[in-house]
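Tertiary structure, described
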Amino acid sequence: MTRKRHIYGINFILWLSFIAFAAVIIFLTWIFQTMLLRVFFGADMTKELTSVGDKAYGDIGFLMGIPGGEDEINRYLVQVMNENDLVTAYLLDNSGNILYPTEVIDPDGYGLVAEPDTAVFRRAVAYLDEAIEDGREFACGLAAVIGGENYVYIARYPAGRYAVDMNTTGDIYLYVNYSTQLAEAALSSMRVQLIAIAILVIFLALVLSALLSLWLTKPIKRITRAAKRMAGGDFSVNFKGEYSYAEMDALAETLDYAKEEIGKSDSLQKEVLANVTHDLKTPLTMIKAYASMIQEISGADPEKRAKHTQVIIDESDRLTSLVNDILNISKIRSGMDTLKLSRLNLSDFIRTVLERFEYLTETQGFTIEKDIEAGLYTEADAEKLEQVVYNLVGNAVNYTGEDKKIAVGLHRAEKGELRFTVTDTGKGIPEEERATIWDRYYRSAETHKRPIKGTGLGLSIVKTILLRHDFRFGVESEVGKGSTFYVLFPEK
């Protein structure tokens, strides 16, 4: 199943993100300005109108109880409007006609203000009547918003409860209107400013997203070009550079590490191919040569025929061993060969494997010293573990010194671990080569040559099996004095 290829790059995504962010901020600002600000404004105006209206209602009610107080009422209403520039205050009859202030000019020069909107007044009276019918409690009068934009205060003086001449016998209403012209002008100006700010913000978002995308994608493009060169087989590329943020430095270091490992793998594959070709070619050549000799020379000579056929058998066994090792390591590394874990007596297990090397002590003069502590148990795949022990001992046989001595040990270590060691007296391994000895067909600073026994894949098989078990392992070596390979098994 192929994955869908993304067609949008970082440039587009950043641009879209910045534009979306700017749009959200502008939208929220617009909502605040056009809705929330109006709500806050309305609440403040209603509170202020109630304060002004209640005070005026009480003061005018007092003046209305004084015979001949008409002029005082007139002056008081003019004073209220003088003290509150956006407020107009009236005493109106039931029909909305102005009773006070009158047309008389007061000493300060203030004249009669514009007549109130009769339709708004009537709706305010209806609002007051509904509130009274609903049983709402209020001190003097009510502040209301009529038509969504007219802020008014309405209060009633019942008929017959006044001593001054009001030119009416019915109810009288105190009607206070708050002008929203300045507020609307301010809001309109803010809307224009918001539009200008929106245009500026979007422009800045475009510029910043373009600059940021260039800054972010420049090192990515550089690394991409280097990766393409590496994919083409050029392992001399260098991913490291002067980057402005830590993530790119980390990516460059990771890619450089991957490049080195892939380069090693490429070199190793070439080496393995050459070595496998050599290892396959040599026994096949030997088999063919000795088969020809039997056919042409030693066919009638039982003694020579036996020697020649034994060579063919030995080379066939060697060829089989090589093919089996290649198959084993391939199966283990591919995960096809699952582990079958079981608890086993590691002490007895190692002694059993070492018995297979007794022919070396009897026929070739090898000495295998055993220092194995009894009764130590671990959990592992017995079949795979046998390969580990056999290959480590076989490696020591191949590379031990002229004294042909090998030491095998098993002891309880710290932290619940069992330390298994195989020591030889060979030339040792230089420190700079110890990390690569586990590679397939590795030979310590020497050209490839066939070991006494084995195929050259032993340590690679050991490494693969131990990694599958998650066991710790390694090598300790001193040039000229030999090497000690060790494995740490968990004690069970």
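Note: the structure precedes this text.
Every chain's residues receive numbers from 1 upward, in the order its sequence appears when written. At least 70 in pLDDT is required for a residue's local features to be given in this predicted model, at least 80 for side-chain atom pairs to be given and counted, and no such filter applies to totals for whole chains, interfaces and linings, which use all residues. Only hydrogens and water are set aside; all other atoms, that is, all heavy atoms of the structure, feed into the side-chain values.

Turning to the packing of aromatic side chains, a few remarks are in order. Ring pairs are drawn from Phe, Tyr and Trp, using the six-membered ring of Trp, whenever the two centres fall within 6.5 Å, and their geometry is named by plane angle: stacked under 30 degrees, edge-to-face over 60, tilted for the rest. Using the criterion set out here, one finds nine aromatic pairs in the structure. An angle of 10 degrees between the planes, with centres 4.3 Å apart, marks the rings of Tyr57 and Tyr157 as stacked. Pair noted here: Tyr57 is in helix α1 (residues 10-64) and Tyr157 is in strand β4 (residues 150-157), with a separation of 100 residues, a long-range link. Exposure categories follow from relative accessible area, calculated using a 1.4 Å probe and restricted to protein chains: below 20% of the type maximum is buried, above 50% is exposed, and the middle band is partly exposed. When its relative accessible area of 18% is taken as the criterion, Tyr57 is described as buried. Relative accessible area serves as the criterion here: at 7%, Tyr157 is assigned to the buried category. Ring geometry for Phe471 and Phe489: centres 5.4 Å apart, planes at 75 degrees, overall edge-to-face. The way it works is that DSSP assigns letters per residue, a run of H or I at least four long becomes a helix, a run of E at least two long becomes a strand, and they are numbered from the N terminus.

Next up on the list: the nonpolar core. Core analysis: the biggest nonpolar cluster contains 40 residues, and Ile350, Leu392 and Phe420 have the highest contact counts within it. For this core, the secondary-structure elements that each account for two or more residues are α7 (346-354), β7 (367-372), α9 (382-399), β9 (405-412), β10 (417-424), α10 (458-469) and β12 (482-490). Looking at this core, the element that brings in the most residues is α9, giving seven residues. We call a set of buried Ala, Val, Leu, Ile, Met, Phe, Trp, Tyr and Cys residues a nonpolar core when their side-chain atoms join them within 4.5 Å. Within the second largest apolar cluster, 30 residues are counted, among which are Val52, Ala56, Leu77 and Met81.

Within strand β3 (residues 142-146), four of the five residues are buried, which leaves it mostly tucked inside the rest of the structure. By definition, two strands form a pair when at least two bridges between them are found by DSSP. In terms of strand pairing, β3 meets β4 through five bridges, oriented antiparallel. Across the sheet, the residue bridging to Ala143 is Tyr153, located in β4.

Attention now goes to α7. Buried within α7 are the following residues: Leu346, Ser347, Phe349, Ile350, Val353 and Leu354. Taken down its axis, α7 places every buried residue within 165 degrees of arc, on the same side. Pairs of N or O atoms within 3.5 Å make up the polar contacts considered here, provided that, within protein, one atom can donate a hydrogen while the other can accept it, and that residues adjacent in sequence are counted only when both atoms are side-chain atoms. Sitting at the amino-terminal end of α7 is Asn345, which places a side-chain oxygen 3.1 Å from the backbone nitrogen of Ser347. Of all possible arcs, the one meant is that of the directions from the helix axis to the C-beta atoms.

Here we come to helix α2 (residues 70-83). For α2, which comprises 14 residues, the first-to-last C-alpha distance of 20 Å matches the rise-based estimate of 20 Å (1.5 Å per residue) to within 8%. For α2, the set of buried residues is Ile73, Asn74, Tyr76, Leu77, Val78, Val80 and Met81. Expected span of a helix, by definition, is 1.5 Å for each gap between consecutive residues, and there is one gap fewer than residues.

This part takes up the pairing of strand β5 (residues 172-178). On a regular strand, one side chain projects to one face of the sheet and the next to the other, so that they alternate. Along β5, six of the seven residues are buried, which leaves the element largely enclosed by surrounding structure. Pairing geometry for strand β1 (residues 87-92) and β5, over six bridges, is antiparallel. Residue Tyr90 lies in a different strand from β5, and its bridge partner there is Tyr175.

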